[in-house]
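Secondary and tertiary structure notes
Listed here are the chains, written in short residue letters.
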Amino acid sequence: RGVEGNMGQRGSRGWHYALIALALLGLAFVVVPVYDWADLDPLYRGSLILGAMILGLLGLVGLGYWFVFARFLARPLMILALVVGTIGAVGFACIRGFDITGDLRLVPIFRWQSDPQSRLEALDSKPSQPLPPLDLTVDERLDFPRYRGVAANGLVQEERVLANDWTEQPPEVLWRRPCGGGFSGFAVAGNALVTLEQRRDQEVVVCYDRATGTERWTYSYTAHFRDPTGNGPRSTPTIAGGAVFTLGAEGHLYCLEGDTGSERWHVNILTDCKAKSVTWGMTASPLVWGDKVIVNPGIDPANNAEMAVAAYDVRTGKRLWAVGKHPASYSSPMRATLAGQEGVLLFDAHGLALLSPEDGSEFWRHEWKTFQDMNIIQPLVLDQDKVLLSSEAANGAALLQVVRNKGSFSTEVLWQNRNLVAKYANPVALGRTIYGLSNGTLVAVDGDSGERLWRGRFYGHGQLLAVNGHLIVLGEQGQLALVSGDRRSFRELGRLTVLEGRTWNTPALADRHLFLRNDKEMVCLRLPARK
């Protein structure tokens, strides 16, 4: 009886261990969603995510401790511990890898899920019927020739009249196919669709037929950027003058003939400008301006060569100039006019600057430093002299006004708050209203005051486009939504899942064709026209 009593007491204590461990695991799963639901200050959200990860780890360790000492428990608990341990071991053995979300959550990839690289290699890339000659002529009214469109602002020309209710008129899938890895988006011009992919140990520039998704040509070179958050190239190609310009994650800048994919020239901008790659790889897409292609290699902090921004001749690849002493960020150089001055708008690791395309000299600079130099989004020009910035929660978002006084410039902060924390997802503007994924939740902010107008659904760290007074939202887990651009309230007008798994790649909309991809597959949807 004494032995049985001791076993009963140990069994009781065993239940306590298990319940405490399960409670810690449960708390780890719900604490961040509850914090978001309560709409609390996003400044502390990162610390809360870290705390949730620690709670989850403690819960797993606690369950492991309970299982290890299960032999001291009563027989029913020993059986339960054995069952739990077996299920856990089998489940872990079924996991092939993990995707990491923008909130640092691990999403398991199971062994029964098909390997995208194997699917891609098994695909017959030969066209089933003759295809027309490639034409990469850019129609700026309807095409999408570079990252985030013609003006790099995610605003699509409003010449197409699209349906505003996807429940009655859902998008139509025209084609779907596997693709290589990486986070590159699409450049679309004429009948061509171009992106960058990781295929085994090579970065590959791929040109697809826009209408069918058939592979037209590829250009590959040995390069494989690796990172726990995801491997492969990050930047989106640029199509200009019948040529394709691409920048790989390890600094390889290529100019390829658009109709054949043959190399016109190549330079590694990190080597050429004596720079060191930033933590998560070269991400900025090339800017083609006249006879120049402008890139942001950054610097080597240990030996600053002051060649942070460089321009190369589009025909020969000869370096025309390289200046600047600031580290690179993950934002792309873009063309903009502010306070009457046209120039290259660049959000680098130390702030925002407007540069001369002729020699790279600065017209003005506004300091904006963030944790780990994570200036990622594109600056959003709202007016002739106003531009929006956003990044980590400590900085939030700010509206800057560029002031011109004779030949000199200065910047003034009109407002700054944490009503929008657009760390990864580029915001868009419809008129004077700014829409963005703030820590993954869609919000609307008044551009003049910075006041938040409404808070909508959580989509994760995805991307946005604006067209016809509406928002096209590509969520982090491959969900696609149409949302009204009404500044008075959030209204979702249709939603469907179009891709499997984590999706960070920027969508492209050309005419009525919406091109989407992640590091596993790509799809073309035809958006419905308004009746």
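None of the values given here were measured: they were computed from a predicted structure.

A separate point is the sheet that holds strand S22 (residues 397-405). Read across the open sheet, the 4 strands follow the order S20-S21-S22-S23; overall the sheet is antiparallel. Of all the strands in the sheet, just strand S20 (380-381) and strand S23 (408-417) have a single pairing partner and so form its edges. Taken together, the 5 bridges between strand S21 (residues 386-390) and S22 define a ladder with antiparallel strand orientation. Residue valine 387 lies in a different strand from S22, and its bridge partner there is leucine 400.

The next point concerns the pairing of strand S9 (residues 243-247). Burial analysis of S9 places 5 of its 5 residues in the buried class, the great majority of the element. Burial of S9 is two-sided: the residues Ala243, Phe245 and Leu247 facing one way and the residues Val244 and Thr246 facing the other way are all buried. As judged from the 3 bridges shared by strand S8 (residues 238-240) and S9, these two strands associate in the antiparallel manner. Each bridged residue has a counterpart across the sheet, and for isoleucine 239 the counterpart in S9 is valine 244. Adjacent in sequence and paired antiparallel, S8 and S9 are bridged by 2 residues, among which glycine 241 carries a positive phi angle near 60°. Where S9 meets strand S10 (residues 252-257), 5 bridges bridge the pair, whose relative direction is antiparallel. Bridged to phenylalanine 245 within S10 is cysteine 255. Where S9 folds back onto S10 in an antiparallel hairpin, the turn is made up of 4 residues, including glycine 251, whose phi is positive at roughly 95°.

What follows deals with unusual backbone geometry. The backbone phi angle of arginine 200 is positive, close to 55°, even though this residue is not glycine. Mapped onto the elements of the fold, arginine 200 is located in the loop between strand S5 (192-199) and strand S6 (202-209). The phi dihedral of lysine 406 falls on the positive side, at around 60°, and the residue is not glycine. Note that lysine 406 resides in the loop between S22 and S23. Residue lysine 406 is classed as exposed on the basis of its relative accessible area of 76%.

Moving on, we get to the confidence of the model for the chain. Mean pLDDT over the chain: 90, with 93% of residues reaching 70 or higher. pLDDT under 50 marks residues 1-5. Its contacts with residues more than four places away, or in other chains, come to 0 contacts. Throughout residues 7-11 the model reports pLDDT below 50, and contacts reaching past four residues in sequence, or to other chains, amount to 8 contacts.

Scoring rules and cut-offs
- Residues numbered from 1 in each chain as written.
- Predicted model: local features only at pLDDT ≥ 70, side-chain atom pairs only at ≥ 80, totals over all residues.
- Heavy atoms only, no water.
- Pairing = 2+ DSSP bridges.
- Helix = DSSP H or I, 4+ residues; strand = E, 2+ residues; numbered from the N terminus.
- Buried < 20%, exposed > 50% of the residue type's maximum accessible area, 1.4 Å probe, protein only.
- pLDDT = per-residue confidence, 0-100.
- Contact = heavy atoms within 4.5 Å.

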